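An overview of the molecular structure
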Amino acid sequence: MTRRPNFIFLIADDHRARSLGASGCDAVTTPNLDALAARGTFYRNAHCQGGFDRAVCMPSRATLMTGRDVFALRRAQEARKASSSETPPQFLEIPSDMPTFPELLRAEGYRTHGVGKWHNDRDSFGRSFSSGSAIFFGGMCDHDKVPVTPFDPQGIFPSDTTSDMPGFSTDLFSEAAKDFLRTQDGEEPFLLYTAFTAPHDPRTPPPAFMPNPDDIALPADYLPLHPFDNGEAALRDELLEDYPRSPEAVRRHLAEYYGMIAHLDAAIGDILATAEAQGLLENTVVVYTSDHGLGIGSHGLMGKQNLYEHSLGIPLILAGPGIEAGQQSDALVWHGDTRATVLDLAGITPPQDHGNLSLAAHAPTPQRDTFGAIYRMSQRMIRDARYKYVRYYPASANPAPDPIECTPGSATEQLFDLNTDPFEQVNLAFAPAQQDRRHAMAGALQQWQAAHGDALADS
């Protein structure tokens, strides 16, 4: 009988797809992730789907865990609020009838061990993992003062057991991951899920990993200001740097970001070296991805609350048994496909596939003609292999206005040819020669919205 593979699942926080050596970024040092990409498959068109929350990591991680789209998660949230008099949870709750992929692995005999950040509800963590260490329930923290909660076999995780842990977050989580691997003998299949808080701000990389900001080139899509109000100009993430964004400030932010990624890469190299020393790597599938990307001066934006490729695009690397080696793919894939792949490789058929596609070597080449994404009630997007259409809604179009941190927003459109304009610098939406394409893409977006029950579908 063939042994079931182990899984080492590594997820970063705010790591955009383009900031990786394998993506062609020379300014960032990622030899371990580049080597992982070379021995597996690197997906160059992997995406998150955005979400209804300003903290995009919450819906992104929930879609990864469940394979459900952001609209289904939103409906579940609204139903929970309507049926309960309790105070709504602080974090996006993953309902018990939407099983997570660790939960399904656990039910089939896998030991599931959770390390690091969990930005959803504690109940879903308890259902998902049979053990854990260095657990951080939350969205962000200082990297040198991480509030860590010990694993609770009862799945309650009382807040009074949380205490600040000394050391840098990346080192703290990687040491916990390595400690777990040193206890494994290869007899029992396992999932090691390690969720880092790097390179999320506050970006304070160890000095040895910090590049010189003067050596950092500005991205091709750098702008001092976004060309119009997208409704989020007053958001915390956007206020991390003054308006207008100066070249010097953006270079500094990028240097700090690249330093965080370089340190993360070194820690991942140590985790994989530990797995190899334990004799585990040959039968282990390694997954590296992120919850979403980030602006950092691109298009005059600092945060991830937008639908540009720098914020929707995520790194996705798969390597190990059942994965094609030395391949790069341009297929349109997303978090739900990553989940489907893990379950497929484990020999588990999920209750429903929800249209997600396995990326395993034995599966057909993923065929998704279009991919849609959202940001709250102000932005909608659809793209295909070449073109991308974005529609912006002003605050007045929002059927459930939320004035907190909002700016008025704009009613406008964008159309980009990603083949000739990968940095989305030339808006073709109002070019006379592109009106047929604009209307076709707008119609496709409208159909996608209607199919998912989007309240803005007829706006």
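Residues numbered from 1 in each chain as written. Predicted model: local features only at pLDDT ≥ 70, side-chain atom pairs only at ≥ 80, totals over all residues. Heavy atoms only, no water.

Side note on the overall build of the protein chain
Going by this rule: Put simply, DSSP H or I for four residues or longer makes a helix, DSSP E for two residues or longer makes a strand, and each gets a number counted from the N terminus. For the radius of gyration, the atoms used are the C-alpha atoms, and the globule rule reads 2.2 Å times the number of residues raised to 0.38. We call a residue buried when its accessible area falls under 20% of the maximum for its residue type, exposed when it is over 50%, and partly exposed in between, using a 1.4 Å probe and counting protein chains only. The contact criterion used throughout is that any non-hydrogen atoms of two residues lie within 4.5 Å. Surface accessibility in these figures is a Shrake-Rupley result with a 1.4 Å probe; residues are shielded only by whichever protein chains are displayed.
Across its full length, the protein chain holds 10 helices and 17 strands. A compact globule built from 459 residues would reach a C-alpha radius of gyration of about 23 Å, and the protein chain, at 21 Å, matches this within 12%. Taken over 459 residues, the protein chain has a buried fraction of 59%. Partitioning the contacts of the protein chain with sequence separation of at least 6, the portion at a separation of at least 24 is 71%. Surface exposure of the protein chain reaches about 17800 Å², of which carbon and sulfur atoms provide 51%.

A few points about the state of the cysteines
Basically, it comes down to this: Pairs of cysteine sulfur atoms within 2.5 Å are identified as disulfides in what follows.
Tallied over the full model, the rule gives zero disulfides. With no disulfide of its own, Cys48 has Cys57 as its nearest cysteine by sulfur position, at a separation of 10 Å. Cysteine Cys141 remains unbridged, with the sulfur of Cys57 as its closest cysteine sulfur at 12 Å.

Here's the deal with the environment of Leu223
Note on placement: Leu223 falls in the loop between strand E9 (190–195) and helix H7 (247–277). Among the residues examined, Leu223 registers a relative accessible area of 31% and is labelled partly exposed. Separated by 23 residues in sequence, Leu223 and Ser246 place their C-alpha atoms 8.7 Å apart. Ignoring anything within four residues of it in the chain, the contact list for Leu223 reads Arg245, Gly297, His299 and Gly300.

Re the pattern of salt bridges
Put simply, the test is: The salt bridge criterion pairs a side-chain nitrogen of Lys or Arg with a carboxyl oxygen of Asp or Glu, the two atoms within 4 Å.
Counted under the stated rule, the structure contains 27 salt bridges. Arg74 is paired through a salt bridge with Glu78; the nearest N and O atoms lie 3.8 Å apart. Of this pair, Arg74 and Glu78 both sit in helix H3 (residues 70–83), four residues apart, which is roughly one turn of that helix. As a salt-bridge pair, Asp201 and Arg236 come within 3.1 Å of each other at their nearest N and O atoms. With a gap of 35 residues between them, Asp201 in the loop between E9 and H7 and Arg236 in the loop between E9 and H7 connect regions that are remote in the sequence. For Asp201, a relative accessible area of 9% translates into the label buried. Salt bridges sharing common partners tie together Asp14, Asp201, Arg236, Asp237 and Lys304.

Comments concerning the nonpolar core
In a soluble, globular protein the nonpolar side chains are often hidden away together inside. Basically, it comes down to this: We call a set of buried residues a nonpolar core when its members are Ala, Val, Leu, Ile, Met, Phe, Trp, Tyr or Cys and they connect through side-chain atoms within 4.5 Å of each other.
Phe7, Phe9, Phe101, Leu105 and Tyr193 are the most contacted members of the largest nonpolar core, which has 43 residues in total. The leading source of residues in this core is helix H2 (residues 57–66), at four residues. Apart from the residues lying within four places of it in its own chain, the contact partners of Phe7 are Leu105, Tyr110, Phe190, Leu191, Leu192, Thr284, Val285, Val342, Leu345 and Ala346. Residues Ala134, Ala176, Phe180 and Leu280 belong to the second largest nonpolar core, which totals 34 residues.

Considerations on the packing of aromatic side chains
We count it as follows: The aromatic pairing rule takes the rings of Phe, Tyr and Trp, using the six-membered ring of Trp, and pairs them if the centres are within 6.5 Å, calling planes under 30 degrees apart stacked, those over 60 edge-to-face and the rest tilted.
In the structure shown here, the tally under the stated rule is 19 aromatic pairs. Judged by centre distance (5.6 Å) and plane angle (35 degrees), the rings of Phe9 and Tyr193 are tilted. Residue Phe9 is found in strand E1 (residues 6–12), and its partner Tyr193 is found in strand E9; the two are separated by 184 residues along the sequence. You'll find Phe9 and Tyr193 in the same group, each marked buried. Note on Phe52 and Phe71: the rings are 5.7 Å apart at their centroids and 80 degrees apart in plane angle, and the pair reads as edge-to-face. Of this pair, Phe52 sits in the loop between strand E4 (50–51) and H2 while Phe71 sits in helix H3; the two residues are 19 residues apart in sequence, bridging distant segments of the chain.

With respect to the sheet that holds strand E12 (residues 327–329)
Stated precisely, the cut-off is as follows: Criterion used throughout: strands pair if DSSP finds at least two bridges between them. All axes are obtained by fitting lines to C-alpha atoms, using only the stretch in contact for helices, and the reported angles, taken between N-to-C directions, cover 0 to 180 degrees.
The strand order E6-E5-E9-E1-E10-E11-E2-E12 describes an open sheet built from eight strands, whose pairing is mixed. The two strands at the open ends of the sheet, each matched to only one other strand, are strand E6 (131–137) and E12. For this sheet, the mean angle separating the axes of adjacent strands, direction not counted, is 10 degrees. Note: strand E10 (residues 284–290) against strand E11 (residues 316–319), four bridges, orientation antiparallel. Residue pairing across strands places Val287 opposite Leu318, the latter belonging to E11.

So, the environment of Asp221
For the record, the criterion: Here a polar contact means two N or O atoms within 3.5 Å. Within protein one must be a hydrogen donor candidate and the other an acceptor candidate, and residues neighboring in sequence count only if both atoms are side-chain atoms.
The topology assignment puts Asp221 in the loop between E9 and H7. Each C-alpha atom of the pair Asp221 and Arg61 lies 27 Å from the other, and the pair is 160 residues apart in sequence. Once you skip the residues sitting within four places of it in the chain, Asp221 turns out to touch Arg18, Gly297, Ser298, His299, His310, Phe423 and Gln425. A polar contact is formed between the side chain of Asp221 and the side chain of Ser298, at a distance of 2.8 Å.

Brief notes about unusual backbone geometry
Working note: non-glycine residues mostly have negative phi, and peptide bonds are mostly trans. Ala198 connects to Pro199 through a cis peptide bond whose omega is 0 degrees. Examined against the element boundaries, Pro199 turns out to sit in the loop between E9 and H7. Following Tyr243, the chain continues to Pro244 via a peptide bond in cis, the omega torsion being -15 degrees. Tracing the backbone through its elements, the reader meets Pro244 in the loop between E9 and H7.

Observations regarding the pairing of E10
Within E10, seven of the seven residues are buried, which leaves it mostly tucked inside the rest of the structure. Burial along E10 is two-sided: the residues Thr284, Val286, Tyr288 and Ser290 and Val285, Val287 and Thr289 are all buried. Both E1 and E10 contribute to a ladder of seven bridges, which runs parallel. Residue pairing in the sheet places Phe7 in a bridge with Val285 of E10.

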